[in-house]
Amino acid sequence: MFAKAFRVKSNTAIKGSDRRKLRADVTAAFPSIGTDQASELVPGKEELNVVKLYAHKGDAVTVYVSGGNPILFELEKNLYPTVYSLWSYPDLLPTFTTWPPVLEKLAGGADLMLPGLVVPPAGLPPVQKGDLCAIALVGNRAPIAVGVAAMSTAEMLTSGLRGRGFSVLHTYQDHLWKSGDKSSPPSIAPLAVSPPDLSEEKGCVQVDPGLHEDMRHLHLKGEDEDNGEVLQLRGEKALSEASEDTSVGLLNQDSAGSKALHEQMDELLQRCFLHALKSRVRKADLPLLTSTFLGSHMFSCCPEGQQLDIKKSSYRKLSKFLQHMQQEQIIQVKELSKGVESIVAVDWKHPRITSFITPEPSLASQPIQEGSREQPYHPPDIRSLYCVPASMTLLFQESGHKKGSFLEGSEVRTVIINYAKNNDLVDADNKNLVKLDPVLYDCILEKNEKHTVLKLPWDSLLTRCLEKLQPAYQVTFPGQEPIVKKGKICPIDIILAQRASNKKVLSSRFQLIATLSTTE
């Protein structure tokens with residue numbers, strides 16, 4: 001449910017009466033918890049906030065946050081604990097065990113299939129279909145996921161541990177966990193419980209003795225809810241020989257591999273950062289939005305065959321990486337508007353920039369073959385231009401431009417300033433005024449102004465000149481030649497419309513892209 005980012009609707013402090021009601025709801029929803037533990041989970045005086053949000057699929061969820069961590073969430077009037085709460089109360093829910101490599105799949109949105117369960121010597125916990133359950137990893141009793149049982153324990157055993165076992169709602173490393181302090185699961189030793197005699201329990205299903213032998217060959221299948229791909233992890237595990245040492249070894253291998261991946265991504269991130277500053281960003285581009293710097297400059301500097309993914313680096317977020325670069329005094333980042341950061345200064349004389357060797361571009365970009373790995377999306381660079389018409393040719397020919405030339409706004413400004421200075425048109429008494437010669441008369445003024453207006457301020461002169469030029473724009477897609485078109489840039493209209501059941505829907509019209517696609 002929280003595998004993708006959610007949208008927060010409101011965040012308010014809980015009232016005293018609602019706090020008492022929540023404590024009563026916790027006691028009713030989780031009978032195993034005592035009154036004292038319920039009071040600890042829902043404190044009486046500490047700050048407790050109610051956050052209403054919408055999951056990425058549109059589900060309305062209420063989250064209760066205490067001490068900066070989400071402790072409970074409510075969905076369709078049902079109360080669920082988060083992993084933060086379960087780490088403090090690991091026995092709050094019946095707990096099932098799976099292998100450590102499964103965690104990545106669960107955090108990505110997959111449900112837990114029965115072949116992925118690890119059957120302990122004591123047997124599976126008794127649950128009914130629809131019961132709330134916790135999921136832990138081998139060797140550690142701290143839960144890493146919360147889900148709902150898709151069938152009862154008896155049905156799981158009679159099915160031969162085949163099929164979907166649990167619908168996972170929340171996991172360690174998902175976006176709900178990321179909204180807290182992002183702490184790691186504590187190490188809680190498994191309970192040592194003697195296996196019960198199932199044959200003596202009334203109404204319990206007899207287990208085939210060969211079932212445990214068959215469980216030596218595990219096949220874990222997870223269905224990803226988002227892309228429908230079937231994820232398979234196959235491994236031969238002898239359940240009777242599985243021990244805590246084995247699980248610790250797996251965790252150590254995963255952490256070592258993760259560390260190596262972080263180091264590689266950190267190196268690629270800094271390489272793209274320095275490449276973008278040295279070859280793509282100019283002083284005139286500042287201040288530059290950090291999101292634009294990443295999407296339009298850093299991504300395009302990524303070497304061919306590699307993929308830049310900040311989430312796989314040790315920084316995890318662009319803001320943390322840029323903050324680290326700011327500490328090295330390479331750049332300066334400021335929040336020019338609330339919640340929006342921009343790069344306002346760059347030290348191009350910094351040793352790390354001057355010593356960076358810009359790689360030579362490839363001679364020809366290789367087309368992406370069908371069936372190859374999907375490349376990251378790089379947005380196009382769109383710039384406003386101005387085209388010189390026949391009526392303005394005399395004004396621009398001194399600077400080497402002719403009819404039909406395309407210029408940026410800064411280039412037009414430079415042409416006008418140089419023309420006025422080279423022809424001694426700057427007023428000697430007032431440097432803010434420009435005297436109009438016959439060329440400016442014909443290019444700038446209207447017919448009824450030619451005998452009345454003799455001088456113009458700089459800003460008025462530049463504004464009138466831009467208005468007389470023909471509007472144009474340039475669109476550059478990564479790896480392709482720029483596309484230059486005459487005319488104004490058609491805006492992208494984003495409309496917030498209200499539909500039935502008070503649903504608000506964003507609709508947009510991409511006129512510019514449609515124009516480009518029809519003219520190519």
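Refer to the structure above for everything that follows.
Residues numbered from 1 in each chain as written. Predicted model: local features only at pLDDT ≥ 70, side-chain atom pairs only at ≥ 80, totals over all residues. Heavy atoms only, no water.

How should I be thinking about the overall build of the protein chain in this particular structure?
The secondary structure content of the protein chain amounts to 16 helices and 23 strands. By residue count, 37% of the 520 residues in the protein chain fall in the buried class. (Helix = DSSP H or I, 4+ residues; strand = E, 2+ residues; numbered from the N terminus. Buried < 20%, exposed > 50% of the residue type's maximum accessible area, 1.4 Å probe, protein only.)

What is the right way to look at a positive patch on the surface in this model?
Together, Lys178, Lys182, Lys311, Arg316, Lys317 and Lys320 line one region of the surface with positive charge. Along the chain, the position of Lys182 falls in the loop between helix H6 (175–178) and helix H7 (209–214). (Patch = residues over 30% accessible without salt bridge, like charges linked within 9 Å, V, L, I, M, F, W, Y side chains within 5 Å. Areas by Shrake-Rupley, 256 points an atom, 1.4 Å probe, with all protein chains shown as cover. Salt bridge = Lys/Arg side-chain N within 4 Å of Asp/Glu carboxyl O. Lys, Arg positive; Asp, Glu negative; His and termini not counted. Charge placed at Lys NZ, Arg CZ, Asp CG, Glu CD.)

I tried to follow helix H15 (residues 458–468) on my own but got confused; where do I start?
The α-helix advances 3.6 residues per turn, and as a result positions three or four apart in sequence lie on the same side. Residues of H15 that are buried: Trp458, Leu461, Leu462 and Cys465. In a view along the axis of H15, the buried residues occupy a sector of 95°, so they form one face of it. Residues of H15 that are exposed and point over 90 degrees away from its buried face: Asp459 and Glu467. (Arc of directions from axis to C-beta.)

Would you mind going over unusual backbone geometry with me for this structure?
As a rule of thumb, non-glycine residues mostly have phi less than zero, and peptide bonds are mostly trans rather than cis. Here Leu286 and Pro287 are connected by a cis peptide whose omega angle stands at -5°. Its place among the elements puts Pro287 in the loop between helix H8 (244–279) and strand S13 (288–289). A positive phi angle, near 85°, is found at Gln173, a position not held by glycine. Position of Gln173 among the secondary structure elements: in the loop between strand S10 (164–171) and H6. In this structure, Lys182 takes a positive phi of about 60° despite not being glycine. Using a relative accessible area of 32% as the deciding quantity, one classes Lys182 as partly exposed.

Just checking my understanding: could you explain the packing of helix H13 (residues 409–422) against H15 for this structure?
Helices that pack against each other are described as a pair by the angle of their axes relative to one another and the distance between those axes. It is the contact of H13 with H15, at a shortest axis distance of 10 Å, that shows an interaxial angle of 125°. One finds that H13 runs oblique with respect to H15. For the pair H13 and H15, the crossing hand works out as right-handed. Mapping the contact onto sequence places Val412, Arg413, Ile416, Ile417 and Ala420 in H13 and Trp458, Leu461, Leu462, Cys465 and Leu466 in H15. Residue classes in the contact of H13 with H15 are distributed as nine nonpolar, no polar and one charged. (Axes fitted to C-alpha atoms, helices over the stretch in contact; angles between N-to-C directions. Parallel < 35°, antiparallel > 145°, perpendicular 65-115°, else oblique. Left-handed = near helix turned anticlockwise from the far one by under 90°. Contact = heavy atoms within 4.5 Å. Nonpolar A, V, L, I, M, F, W, Y, C, P; charged D, E, K, R; others polar.)

What is the right way to read the packing of aromatic side chains from this model?
Tallying each qualifying case throughout the model produces 10 aromatic pairs. Plain terms: the ring middles of Phe73 and Tyr80 are 5.2 Å apart, the flat faces sit at 20° to each other, and that makes the pair stacked. Here Phe73 and Tyr80 have matching classes, each one buried. Relative to Tyr172, the ring of Trp87 has its centre 6.1 Å away and its plane inclined at 65°; by these criteria the two rings are edge-to-face. Of this pair, Trp87 sits in helix H3 (residues 83–88) while Tyr172 sits in the loop between S10 and H6, placing them 85 residues apart in sequence. Considered together, Trp87 and Tyr172 belong to a single accessibility category, that of buried residues. Here a set of aromatic residues connected by ring pairs shows up, and it is made of Phe2, Phe6, Phe73 and Tyr80. (Phe/Tyr/Trp six-rings, centres within 6.5 Å; stacked < 30°, edge-to-face > 60°.)

Would you mind going over empty space enclosed by the protein with me for this structure?
Gaps between atoms show up when a probe of the same size as a water molecule is rolled over them. Per the stated rule, a full pass over the model turns up two cavities of 30 Å³ or more. Taken as a whole, the largest cavity holds about 70 Å³ of empty space. Lining the largest cavity are 14 residues, and of these Met1, Leu106, Gly109, Val168 and Thr171 sit closest to its centre. Those elements giving two or more residues to the lining of the largest cavity turn out to be helix H4 (102–107) and S10. Residues that form the lining of the largest cavity fall into these classes: eight nonpolar, three polar and three charged. (1 Å grid on protein atoms, 1.4 Å probe; cavity = no way out; pocket = protein on both sides within 12 Å on 5 of 7 lines; lining within 4 Å. Points joined across faces, edges and corners; volume = space filled by probe spheres on them.)

Even after reading the chapter, I still don't get the sheet that holds strand S8 (residues 132–137), so can you show me in this structure?
In a beta sheet, neighbouring strands are held together by backbone hydrogen bonds and run either parallel or antiparallel to one another. Spatial strand order, S6-S8-S9-S10-S7: five strands in an open sheet with mixed pairing. On the outer flanks of this sheet lie strand S6 (95–98) and strand S7 (112–113), each paired with one strand and no other. Summarising the sheet, S6 and S8 pair through four bridges and their orientation is parallel. Paired with Phe96 across the two strands is Ile135, which belongs to S8. (Pairing = 2+ DSSP bridges.)

Coordinates in, geometry out; function isn't part of it.
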